[in-house]
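As a plain string of letters, each chain reads:
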Amino acid sequence: MKDNIDFDALAAFRQDLHRHPELGFEEHRTAAAVAARLRALGLEVTESIAETGIVGTLRGGQGPSVGLRADMDALAMSETSGRAYASEVPGRMHACGHDGHTAMLLGAAEVLAADPPAGTVHFIFQPAEEGRGGARRMVEDGLFEQFPCDHVFGLHNMPGIPCDRMAVVAGPQLASSDSWRVSFRGIGSHGAKPHQGRDAVTASGQFLAALQTIPGRVVDPLQPAIVSACAVSGGDMNALNVIPAEVQIGGTARAFSPEVRDQLETEIGRLAHGIAASMGVEADYTFIRRIPPVVNDAGATAIALAAAEEVSTGVDTGFPPSTAGDDFAFFSAEAPGAYVWLGNGPARDGALHHNPGYDFNDDALPTGVAFWVAVARKALGA
Ligand SMILES: [Zn+2]
Ligand SMILES: [Zn+2]
């Protein structure tokens, strides 16, 4: 087995990606670099899946198949880290460490290509994880028909865990991430004559005050659920004697099970319509399903845990789930899957994911590469 990966060169490649961040479905430079490296290793390379997605396939003869996924996209924000290899693109930044994810999976491809296990490894380089729907597009474009996988694995860096440690946990890992909108439509009136209208502003106030009764009084207290109103719009600060006809409210809903997710969709709408009816206004309600929860399969988790125990100095099996989302859920809906955490070391300058000072830690590269290699071999029964 090849273990002489040049990690300084891999770190330099990672830092080059960091310098040139690209948003979802726009990862043309990144994808070209990934495809070139996969080709140089002798892998089959399929490009332009969901615009900028790539799959590199390593065939080692008869055997099962496994999918390993890395996301490639950056965020629409400006970097303030001041590092030598900081983003050169204003308003674009790798603030979630996907540059590191891409580099680690390429490192694993290099190791495995030198000594292919029996079976098939699909290295899946996904575009647009950050809210633009890259995983869903890849699945809709036939990812798993073209590249069938008996198991699929995902990995994310996690600050606060040492670089040579990991966290692998069965069951719910990441919440569903959905959006909702409510419009209260009343009859606009003079602010001094509310009786001549139907007040959408007061209806929205009642709705906002009652919203937390959904997680607090309706959902099973042993089941996590989050409903947050994140935007409110109506009226005009230059017209403080006018009650507007319409107020719009929007927010997010998060859950760790499909049942609670369904319940939130139903209950937010019920509350909006009920309050509207009681106040004599109309409510329009839409719930936009974006990402299902990531729930680790027991069998896939056991494979990932065995791999993590082999390559790290310690594995946390009680790491708490995150209320963030990851569209890896669309992949693990197609094949038994597990999503694991790789330590990124202490939070430098206190910067966490999506902070303008965040950075992937190159000291995590060896553990990450070794994990991908080990999980692929174990999933293929080697
Ligand atoms: Zn992110
Ligand atoms: Zn991320």
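Note that the structure is predicted; figures quoted are calculated from it, not measured. (Residues numbered from 1 in each chain as written. Chains lettered and ligands numbered in written order. Predicted model: local features only at pLDDT ≥ 70, side-chain atom pairs only at ≥ 80, totals over all residues. Heavy atoms only, no water.)

Draft legend 1. Molecular detail of the coordination of the zinc ion (ligand 2). Surrounding the zinc ion (ligand 2) are the protein donor atoms Cys 96 (SG), His 98 (NE2) and His 156 (NE2), which sit 2.1 to 2.3 Å from the metal. Between the zinc ion (ligand 2) and the zinc ion (ligand 1), a spacing of 3.1 Å is present, and a bridge between the two is formed by Cys 96. Placement of the pair is Cys 96 in the loop between strand 3 (65-71) and helix 3 (98-114) and His 156 in strand 5 (residues 151-158), with a sequence separation of 60 residues. (Donors = N, O, S within 2.8 Å, 3.2 Å for Na, K, Ca; no water. Helix = DSSP H or I, 4+ residues; strand = E, 2+ residues; numbered from the N terminus.)

Draft legend 2. Broad picture of the environment of Ala 307. Examined against the element boundaries, Ala 307 turns out to sit in helix 9 (residues 298-311). Accessibility expressed as a relative area gives 0% for Ala 307, which makes it buried. On a C-alpha basis, the gap between Ala 307 and Val 168 in space is 9.9 Å, while along the polypeptide they are 139 residues apart. In this structure, Ala 307 is in contact with Phe 371, Ala 374, Val 375 and Lys 378, ignoring residues within four places of it in sequence. (Buried < 20%, exposed > 50% of the residue type's maximum accessible area, 1.4 Å probe, protein only. Contact = heavy atoms within 4.5 Å.)

Draft legend 3. Structural detail: the coordination of the zinc ion (ligand 1). The protein atoms donating to the zinc ion (ligand 1) are Cys 96 (SG), Glu 130 (OE), Glu 130 (OE) and His 354 (NE2), with metal-donor distances spanning 2.0 to 2.7 Å. Relative to the metal, the four donor atoms surrounding the zinc ion (ligand 1) lie at angles of 52 to 152°, and the coordination shape comes out irregular. In the primary structure, the donors to the zinc ion (ligand 1) are separated according to the pattern C-x33-E-x223-H. (Tetrahedral: all angles 85-135°; square planar, octahedral: opposite > 155°, others 65-115°.)

Draft legend 4. Spatial organisation of the packing of helix 9 against helix 11 (residues 365-379). It is the contact of helix 9 with helix 11, at a shortest axis distance of 8 Å, that shows an interaxial angle of 135°. Viewed along their axes, helix 9 and helix 11 adopt a mutual orientation that is oblique. You can see that helix 9 and helix 11 cross each other, and the crossing is right-handed. On helix 11, the residues that touch Ile 303, Ala 304, Ala 306, Ala 307, Ala 308, Glu 310 and Val 311 of helix 9 are Thr 367, Ala 370, Phe 371, Ala 374, Val 375, Lys 378 and Ala 379. Its residues assigned to classes, the contact of helix 9 with helix 11 shows eleven nonpolar, one polar and two charged. (Axes fitted to C-alpha atoms, helices over the stretch in contact; angles between N-to-C directions. Parallel < 35°, antiparallel > 145°, perpendicular 65-115°, else oblique. Left-handed = near helix turned anticlockwise from the far one by under 90°. Nonpolar A, V, L, I, M, F, W, Y, C, P; charged D, E, K, R; others polar.)

Draft legend 5. How the structure looks around the packing of helix 1 (residues 7-19) against helix 3. Two elements in contact, helix 1 and helix 3, have axes separated by 9 Å at closest approach and are oriented at 145°. Seen along the crossing, helix 1 lies across helix 3 with a hand that is right-handed. Listed contacts from helix 3 to Leu 10, Phe 13, Arg 14, Leu 17 and His 18 of helix 1 are Asp 99, Gly 100, Thr 102, Ala 103, Leu 106 and Gly 107. Considered class by class, the residues forming the contact of helix 1 with helix 3 number five nonpolar, four polar and two charged.

Draft legend 6. Region of interest: the nonpolar core. Counting 54 residues, the largest nonpolar core has Leu 68, Phe 123, Phe 125, Phe 153, Phe 371 and Trp 372 as its most contacted members. Per element, the largest residue contribution to this core is nine residues, and it comes from helix 11. If sequence neighbours within four positions are ignored, Phe 125 has contacts with Val 34, Leu 38, Gly 53, Ile 54, Ala 70, Met 72, Thr 102, Leu 105, Leu 106 and Met 138. Counting 29 residues, the second largest nonpolar core, distinct from the first, contains Ile 49, Ala 135, Cys 149 and Ile 161. (Core = buried A, V, L, I, M, F, W, Y, C linked by side-chain atoms within 4.5 Å.)

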